[in-house]
Every structure is written in structure tokens, then in C-alpha cells.
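Next come the chains, spelled out residue by residue.
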Amino acid sequence: MSLINKEVADFKVQAFQNNSFKTVSKADIKGKWSVFFFYPADFTFVCPTELEDLENTYAKFKNAGCEIYSVSCDTHFVHKAWHDHSEKIAKLTYPMLADPTHALSKDFEVLIEDAGISERGTFIVNPECKIVAYEVNSGNVGRNAEELLRKLLACQFVAEHGDQVCPAKWQPGKETLKPSIDLVGAL
């Protein structure tokens, strides 16, 4: 079953960001673009490479009006401990959400129940709190933040220009398509 246009359920979780704890809820994402970046667990192998890659492009996401939320089933205390012991994680400035009750992992349908961890799921959520794009990878395959940014920008473009669509490898400023009967079979 597709999660496209599914509204994110109400939630309230603890987070670690900029060396402090805070609460993040659905109210924080309403009216803004968001990326929920689920990963299996802190103190693992592929995860720090992905989270560092996200940090390296974080300013571009912020410039696009989008907040990044990394999410694992670890507690906010574990996020802080990882931050304190990993050079890669110490660089992070975006919120790391704690999901020890699995509420977010269940809502986004990425929970591996018998392991108590999340799949490697990436979700773009629009200002109406609805999922407009997502991808789930196996735990041993890392993701690319630049491609995620490209997808976000494409989602934002089509949200603003509903009569146009973005072809493969579309980049901002490049040509889009306007679906019409004239295009049927012409591409």
C-alpha cells in the first residue's frame, strides 16, 4: 500500500540538537517542508556516513525551506552519547529524533518489529504534513543527500506549478514537461 498523501499522525518525541534536548511534535512540521530520515541505530556503520552526508548538504535544505529530522529507535540520551563519541556525528546540527516507543517508525511503516529498529527510510513531507515522496533501502545500502535534495526541489516545484512535471534527472532551472495529449507517444 502506498504512503503517498498519507498524513503524518500526531506525535511528540524527544530530540537531541546542538548539544541540548528538546521536544519535537507535529506542530513543528506543520506549514513547512520536512524530511524524515530513518536509520537503523546509533553506533553503527553505514548510518554515520549518511548522517554526515546530510549535514554536508543541510544548508541547502534549509535554503529550500526544509528541516531535516533524522530518526532512530534510540533515545535522545543515546543520540547525545553518539554525538560525544563520533567525529562524524559531532558535526550534526539538525535534530536527531528519538523513537524508543516506535511511534514514528510504525506511522511511517519502517519498523522492523522483531529487531526493534527502523528500516533505512527517507520521507519528504509537505507543509500539509502529507508524505509526497519516499524511499526505503535495505539496511546495508546508504543514501545520497544530493539526490534527496533534488527530489525535494522537484516536489516543491510541482507543488507550486501543478500543471508541470519534472522529468528524470531534473534540476532546478531545467526544462519541465506540461502533460497534454500532444505529448502522448512523443517522448
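Predicted model, so just to flag it, every value in this text is computed and none were measured.

Trainee: Quick rundown of the UniProt feature "active site" (unreviewed entry) in the protein chain? Include the residues and the values.
Mentor: Mapped onto this structure's residue numbering, the UniProt feature "active site" (unreviewed entry) falls at Cys47. If you trace the backbone, Cys47 turns up in helix α2 (residues 46–63). Judged by relative accessible area, Cys47 falls into the buried class, the value being 1%. Sequence-distant contacts of Cys47, defined by excluding residues within four places in its chain, comprise Tyr39, Pro40, Ala41, Trp82 and Arg120.

Trainee: Break down helix α3 (residues 76–85) for me, citing the residues and quoting the values.
Mentor: Residue pairs spaced three or four apart in an α-helix point in one direction, given the helix's 3.6 residues per turn. Those residues of α3 not exposed but buried are His76, His79, Trp82 and His83. Angular distribution of buried residues about the axis of α3 spans 115°; they occupy a single face of the element. Residues Phe77 and His85 are exposed on α3 and point more than 90 degrees away from its buried face. Residues of α3 that are buried sit in contact with β1 (12–17), β2 (20–25), α2, β4 (66–72), α4 (87–90) and β5 (96–98).

Trainee: Please set out the packing of α2 against helix α6 (residues 145–160) residue by residue, giving values where relevant.
Mentor: Axis separation between α2 and α6 bottoms out at 9 Å; the angle between their running directions is 30°. With respect to α6, the element α2 is oriented roughly parallel. When you trace α2 past α6, the crossing you get is right-handed. Touching Asp53, Leu54, Thr57, Lys60 and Phe61 of α2 are Ala145, Glu146, Leu148, Leu149 and Leu152, all from α6. In terms of residue class, the contact of α2 with α6 is made up of 6 nonpolar, 1 polar and 3 charged.

Definitions and limits used
- Residues numbered from 1 in each chain as written.
- Predicted model: local features only at pLDDT ≥ 70, side-chain atom pairs only at ≥ 80, totals over all residues.
- Heavy atoms only, no water.
- UniProt positions renumbered as here; feature names shortened; annotations may be inferred.
- Helix = DSSP H or I, 4+ residues; strand = E, 2+ residues; numbered from the N terminus.
- Buried < 20%, exposed > 50% of the residue type's maximum accessible area, 1.4 Å probe, protein only.
- Contact = heavy atoms within 4.5 Å.
- Arc of directions from axis to C-beta.
- Axes fitted to C-alpha atoms, helices over the stretch in contact; angles between N-to-C directions.
- Parallel < 35°, antiparallel > 145°, perpendicular 65-115°, else oblique.
- Left-handed = near helix turned anticlockwise from the far one by under 90°.
- Nonpolar A, V, L, I, M, F, W, Y, C, P; charged D, E, K, R; others polar.

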